Amino acid sequence: EEEARVKEDWQMDSIQQADIRKRQAEEEERFAIEQKHMKEKHAALVLTTAYRRWSARKTLRKLCAEVYWKEFDEEHHAFYYRNMRTGLIAWEKPMSLGSSDIPTANEWKV
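The structure contained in this document is the topic of the report that follows. Residue positions are given per chain, counted from 1 along the sequence in the order it is written. A pLDDT threshold of at least 70 governs which residues receive local features in this predicted model, and a stricter bar of 80 or more applies before side-chain atom pairs are shown or counted, although totals over entire chains, interfaces and linings include all residues. For the side-chain quantities, the full set of heavy atoms in the structure was used; hydrogens and water were omitted.

Regarding the overall build of the protein
Per the convention used, a helix needs a DSSP run of H or I reaching at least four residues, while a strand needs a run of E reaching at least two, with both numbered from the N terminus. Within the protein, the regular secondary structure consists of 1 helix and 3 strands. Going residue by residue from the N terminus, the α and β elements of the protein occur as α-β-β-β. Taken over C-alpha atoms, the radius of gyration is set against a globule rule of 2.2 Å times the number of residues to the power 0.38. Here the C-alpha atoms of the protein give a radius of gyration of 35 Å, more than 25% beyond the 13 Å that 2.2 N^0.38 yields for 110 residues. By principal-axis analysis of the C-alpha atoms, the protein measures approximately 120 × 25 × 20 Å. When checking whether two residues touch, look at their non-hydrogen atoms; a contact exists if any pair is within 4.5 Å. Once local pairs closer than 6 in sequence are excluded, the contacts in the protein between residues at least 24 apart make up 28%. This count recognises Lys and Arg as positive and Asp and Glu as negative, with His and chain-terminal groups excluded. Lys charges are placed at NZ, Arg charges at CZ, Asp charges at CG and Glu charges at CD. Distance between charge centres in the protein, computed from 20 positive and 21 negative side chains, equals 9 Å.

Now the structure itself:
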């Protein structure tokens, strides 16, 4: 009788352990799927952020090209930038232009 009860307990423990392993495997699978979705969402976020930055810089450079005028100073033999709204003059290119520059008129002065 005691032997039968021990055997039954052992079988129940085996069933419970198998059930626990099954639940752990299912949880691991759900976690892996969730991680994959998170990576996809992160990739989409990175791409949209990069596009928005690129688009904003493009818009900013276009606005700067409308506000600034690039002129040549014959006395110093160098270009300067004039802000048409404020009238301020700067010898250095505005930082908002980044790597692009404002085109100048092709004028030769002798």
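On we go from here.
A short note on the sheet that holds strand β1 (residues 68–73)
The rule for pairing is simple: two strands pair if DSSP sees at least two bridges between them. Reading across the sheet, the 3 strands line up as β1-β2-β3 and stay open at both edges, with antiparallel pairing between neighbours. Of all the strands in the sheet, the pair left with one neighbour each is β1 and β3 (89–90). Two strands pair when backbone bridges link them, and strand β2 (residues 78–83) and β3 are joined in this way by 2 bridges, in the antiparallel orientation. Bridging across to β3, arginine 82 finds its partner in isoleucine 89. Helix α1 (residues 2–67) contacts β1 and β2 of the sheet and is inclined by roughly 55° relative to β1. Angular values range over 0 to 180 degrees, each being the angle between N-to-C directions of two axes fitted as lines to C-alpha atoms, with helices fitted over their stretch in contact.

Overview of the packing of aromatic side chains
A pair of Phe, Tyr and Trp rings is counted when the ring centres sit within 6.5 Å of each other, with Trp represented by its six-membered ring. The angle between the planes then sorts it: under 30 degrees is stacked, over 60 is edge-to-face, the rest tilted. As enumerated under the stated definition, the model contains 3 aromatic pairs in all. Ring plane angle 40° and centroid distance 5.9 Å describe the contact between tyrosine 51 and tryptophan 54, whose orientation is recorded as tilted. Of this pair, tyrosine 51 and tryptophan 54 both sit in helix α1, separated by 3 residues, roughly a single helical turn. With a centroid separation of 5.6 Å and an interplanar angle of 65°, the aromatic rings of tyrosine 80 and tryptophan 91 are classed as edge-to-face. Separated by 11 residues along the polypeptide, tyrosine 80 in strand β2 and tryptophan 91 in the segment after β3 bring together distant segments of the chain. Judged by its relative accessible area of 45%, tryptophan 91 is partly exposed. Whether a charge sits over a ring comes down to the Lys NZ or Arg CZ being within 6 Å of the ring centre and within 35 degrees of the ring normal. Over the face of the ring belonging to phenylalanine 79 we find lysine 70, whose NZ or CZ atom lies 4.6 Å from the ring centre. Residue exposure (1.4 Å probe, protein chains only): buried if accessible area is under 20% of the type maximum, exposed if over 50%, otherwise partly exposed.

Here we look at the pattern of salt bridges
One side-chain nitrogen of Lys or Arg within 4 Å of one carboxyl oxygen of Asp or Glu is enough to make a salt bridge. Tallied over the full model, the rule gives 6 salt bridges. A salt bridge links arginine 23 to aspartate 19; the nearest nitrogen and oxygen atoms lie 2.2 Å apart. Highlighted residues: arginine 23 and aspartate 19, both in helix α1, separated by 4 residues, approximately one helical turn. For aspartate 19, a relative accessible area of 31% translates into the label partly exposed. Arginine 82 is paired through a salt bridge with glutamate 71; the nearest N and O atoms lie 3.4 Å apart. Here the residue arginine 82 occupies a position in strand β2, and glutamate 71 occupies one in strand β1, the gap between them amounting to 11 residues. According to the relative accessible area criterion, arginine 82 is partly exposed, its value standing at 25%. A single salt-bridge network, built from bridges that share partners, covers Glu2, Arg5 and Asp9.

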